[in-house]
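# Notes for the structure review
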Number of protein chains: 2
Amino acid sequence: MQGKGNTNRFMSISDTVISSRIRLARNVLGLNFPNAYTGRSEALFSVMQRVENCVRGLFDYDFIFMSKLQNEKKLALVAQHLISPALVKNSATGAVLLEKKNEISIMLNEEDHIRAQCIVQGFELDRAYRRINEIDDKICSALPIAFDKQFGFLTACPTNVGTGMRASTMLFLPALKMSGLLEGKVGEVVKRNGLTLRGVYGEGSASLGCMFQLSNTATLGQSEAEIIGFVKTATNDICLLEEAERKKLLASGYKFSDKLHRSFGILTNAILLDSKEFLELVAEVKLGIILNILPQIELKSIDKLLILSGSAVLSSLTGAVNTEQLDFARAKLARELLTK
Amino acid sequence: MQGKGNTNRFMSISDTVISSRIRLARNVLGLNFPNAYTGRSEALFSVMQRVENCVRGLFDYDFIFMSKLQNEKKLALVAQHLISPALVKNSATGAVLLEKKNEISIMLNEEDHIRAQCIVQGFELDRAYRRINEIDDKICSALPIAFDKQFGFLTACPTNVGTGMRASTMLFLPALKMSGLLEGKVGEVVKRNGLTLRGVYGEGSASLGCMFQLSNTATLGQSEAEIIGFVKTATNDICLLEEAERKKLLASGYKFSDKLHRSFGILTNAILLDSKEFLELVAEVKLGIILNILPQIELKSIDKLLILSGSAVLSSLTGAVNTEQLDFARAKLARELLTK
């Protein structure tokens, strides 16, 4: 466990910080950014080869051409945050080097030539950084990388210029969402550390499933260590706020317990569940398990359910195509995974 | 099974007709009606004795003085339709001769001196009439009963003058309620037979739990056999309408099944259930069991749950006093009885 405190917590920080991620954007010197090319391009294909050559043997991966992947599989990888929607759009020349255990993922010819990320379970930003930094060192020593002494790494989008790094934690904040403190107290912590907090599921500012990504806004004028420090500090502070709200909810009596039990009853009995309701029910059930109010289902089953129940994964898994079929398959999966 | 049809039904009529009841109102000649007396009255006490003397040995009963019964027990008997709220009001001089198996109940000094009823499970109006008529014959031959050659039996309320009889069936009509046909098609059947249909639970015209009582309006100008005939005909016709709607709902796809499964999930998981929501959930769960959509819980458990979960019974059973305690006890009972 990282972070400031090791006081006697009533909850584990791992119940709140789902995963930690570091992503680095790099580009090859003398080559246009991927979006400047249309269709197949030898220059971009050579980037793929050169990157693969220098990481070969560093980790156990699959080399996946976007053009050879079914659409559902692509969307399933997006749902797992292993590739981005932008890579799916660049299917003609895009590829991903995906570690078999799904921690390291190197997207090739997305918005930048190289986007290398490491995503790990729990609050482990330092470990994620160490792993991806080791790979980045190899790439930067083997390939001519676009780097400016004044600005740092050059990227397709100016918001990534500098470190080219995005450090983030994925947070489960049901109590803060229920008590309406995300705008207020949490917003202050986020601003104070120069970060951004956004919902993981749902469009725009919606935050279905109470899952949020906390990440740095600036990549310029701050070192990698400083950026990671800000994200760690804010993550810790938000966890403490979430903890306080969970305690309040626990002490609030039967109504809260009733709400969570009803969500459990619906999630384990419904025949149709649309993704919005599903994510909301899962969030409440997960909170109920964490707080020991609901039957002690393994959180791993819940996380598995979350990954499998996205429309893309579900569709490739069950062959469901229209909305009702997807809602039916999602509800069936929930019943099966939660009531064994 | 009584009634017109013995065509190949997909549902048993006993799933729709919960119980059948015949009630007879009688008064002793030369004595004021009970409401004319205030407080204890020797004349009214003598009625009790004389009725008991003439039915002794006819059936196995408890003689219960209202004045010696705790309020919760009184309300519990009301909830089971074994005594009326009017008898509870007349506690000073009221009593009930209650058959141990709860079919025969003779209220003494309610609105009339004698109100004898027989309530039986299922669609058995003839059997209910035979049983109560046998007892009524004994009473009418042993006591001087107020009877007018032109009008028939005389009663405290003019709406009972004549036969003094109320014949009724208690009907479970969830599909007709869901499809909004109670006012239309059902209303026509009720009117055509000169009857009344009203909700069993809830005040006024509310019909919580989809339980309805169908009974005759007139007691004057019709024979006992005619009245029973009208109630039987209308009961049969309404059962056929309910059956048709159940078939439509069954054929309507996942949404209907989803609705019933959710109700089951909430009823078997909630921590707080108010009586209104409880009755609605029970009705849907019962329908789901009957239609073989939900786990095949015995309908007896559901009926037991309905009787035990009324606030009065629940209070005497668990000691719950305020609304939250009652809602908690009701939900606990539902979980226990339905998820064994």
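Note that the coordinates shown come from a computational prediction; the quantities given were computed from them, not determined experimentally. (Residues numbered from 1 in each chain as written. Chains lettered and ligands numbered in written order. Predicted model: local features only at pLDDT ≥ 70, side-chain atom pairs only at ≥ 80, totals over all residues. Heavy atoms only, no water.)

## Overview of the overall build of chain A
Counting secondary structure elements, chain A contains 12 helices and 10 strands. The C-alpha atoms of chain A give 21 Å as radius of gyration, which agrees with the globular expectation for 340 residues (20 Å, within 12%). Once the C-alpha set of chain A is aligned to its principal axes, its extents read approximately 65 × 45 × 35 Å. Counting over 340 residues, chain A shows a buried share of 55%. (Helix = DSSP H or I, 4+ residues; strand = E, 2+ residues; numbered from the N terminus. Rg over C-alpha atoms; globule rule 2.2 N^0.38 Å. Buried < 20%, exposed > 50% of the residue type's maximum accessible area, 1.4 Å probe, protein only.)

## Describing the sheet that holds strand E1 (residues 17-26) of chain A
Residue and element names in this part refer to chain A. Strands sit in the order E2-E3-E4-E5-E1-E8-E10-E9 across an open sheet of eight strands; the sheet is antiparallel. Every interior strand has two partners, whereas the edge strands, strand E2 (61-65) and strand E9 (195-201), have only one. The sheet shows a mean angle of 20° between the axes of neighbouring strands, taken without regard to direction. Here six bridges tie E9 to strand E10 (residues 208-216), and the two strands are oriented antiparallel to one another. Across the sheet, Leu197 pairs through a bridge with Leu214, a residue of E10. Packed onto the sheet, helix H1 (residues 42-55) meets E2, strand E3 (95-99), strand E4 (104-108) and strand E5 (114-121) and runs at close to 180° relative to E2. (Pairing = 2+ DSSP bridges. Axes fitted to C-alpha atoms, helices over the stretch in contact; angles between N-to-C directions. Contact = heavy atoms within 4.5 Å.)

## Remarks on the nonpolar core
Leu267(A), Phe278(A), Leu267(B) and Phe278(B) are the most contacted members of the largest nonpolar core, which totals 88 residues. Leu267(B) has contacts with Leu273(B), Phe278(B), Leu281(B), Val282(B), Val285(B), Ala334(B), Arg335(B) and Leu338(B), leaving out every residue within four places of it along the chain. Formed by 52 residues, the second largest nonpolar core is a distinct cluster that contains Met48(B), Cys118(B), Phe123(B) and Leu143(B). (Core = buried A, V, L, I, M, F, W, Y, C linked by side-chain atoms within 4.5 Å.)

## Brief notes about the domain arrangement of chain A
Residues and elements named next belong to chain A. What the domain assignment reports for chain A is domain 1 (9-244) and domain 2 (254-338). On a C-alpha basis, the centres of domain 1 and domain 2 stand 27 Å from each other. Taken together, the contacts link 15 residues of domain 1 with 19 residues of domain 2. Summed over the three residues of domain 1 that lose the most area to domain 2, namely Phe172, Met178 and Leu208, the buried surface amounts to 32% of that side. Joining domain 1 to domain 2, the criterion identifies zero salt bridges. (Domains from an automatic or database assignment. Buried area = accessible area lost by both parts, 1.4 Å probe. Salt bridge = Lys/Arg side-chain N within 4 Å of Asp/Glu carboxyl O.)

## Some details on the interface of chain A and chain B
The interface of chain A with chain B comprises 17 residues on the first partner and 17 residues on the second. With both chains or domains summed, chain A and chain B bury close to 1600 Å², and 63% of this area falls on carbon and sulfur atoms. For chain A, the biggest contributors to the area lost against chain B are Tyr254(A), Arg262(A) and Asn269(A); these three give 37% of the whole. Where chain A touches chain B, the interface holds two salt bridges. With a shortest N-O distance of 2.7 Å, Glu277(A) and Arg262(B) are connected by a salt bridge. The interface formed by chain A and chain B includes eight residue pairs in polar contact (both at pLDDT 80 or more). Counting only elements with at least two residues in the side of chain A that touches chain B, the list comes to helix H8 (254-267) and helix H12 (323-338) of chain A. (Polar contact = N/O pair within 3.5 Å; in protein donor to acceptor, adjacent residues only side chain to side chain.)

## Description of a nonpolar patch on the surface
A cluster of nonpolar side chains, namely Phe151(A), Leu154(A) and Leu220(A), defines an oily patch on the protein surface of about 260 Å² accessible area. Leu220(A) gets classed as partly exposed once you look at its relative accessible area, which sits at 46%. (Patch = residues over 30% accessible without salt bridge, like charges linked within 9 Å, V, L, I, M, F, W, Y side chains within 5 Å. Areas by Shrake-Rupley, 256 points an atom, 1.4 Å probe, with all protein chains shown as cover.)

## As for the packing of helix H8 (residues 254-267) of chain B against helix H9 (residues 275-290) of chain B
All names here are of chain B. Here H8 crosses H9 at 125°, and the two axes come no closer than 9 Å. Taken together, the axes of H8 and H9 are oblique relative to one another. The way H8 lies across H9 gives a crossing that is left-handed. Along its contact with H8, which presents Phe256, Lys259, Leu260, Ser263, Phe264, Ile266 and Leu267, the element H9 presents Glu277, Phe278, Leu281, Val282, Glu284, Val285, Leu287 and Gly288. By residue class, the composition of the contact of H8 with H9 is 10 nonpolar, two polar and three charged. (Parallel < 35°, antiparallel > 145°, perpendicular 65-115°, else oblique. Left-handed = near helix turned anticlockwise from the far one by under 90°. Nonpolar A, V, L, I, M, F, W, Y, C, P; charged D, E, K, R; others polar.)

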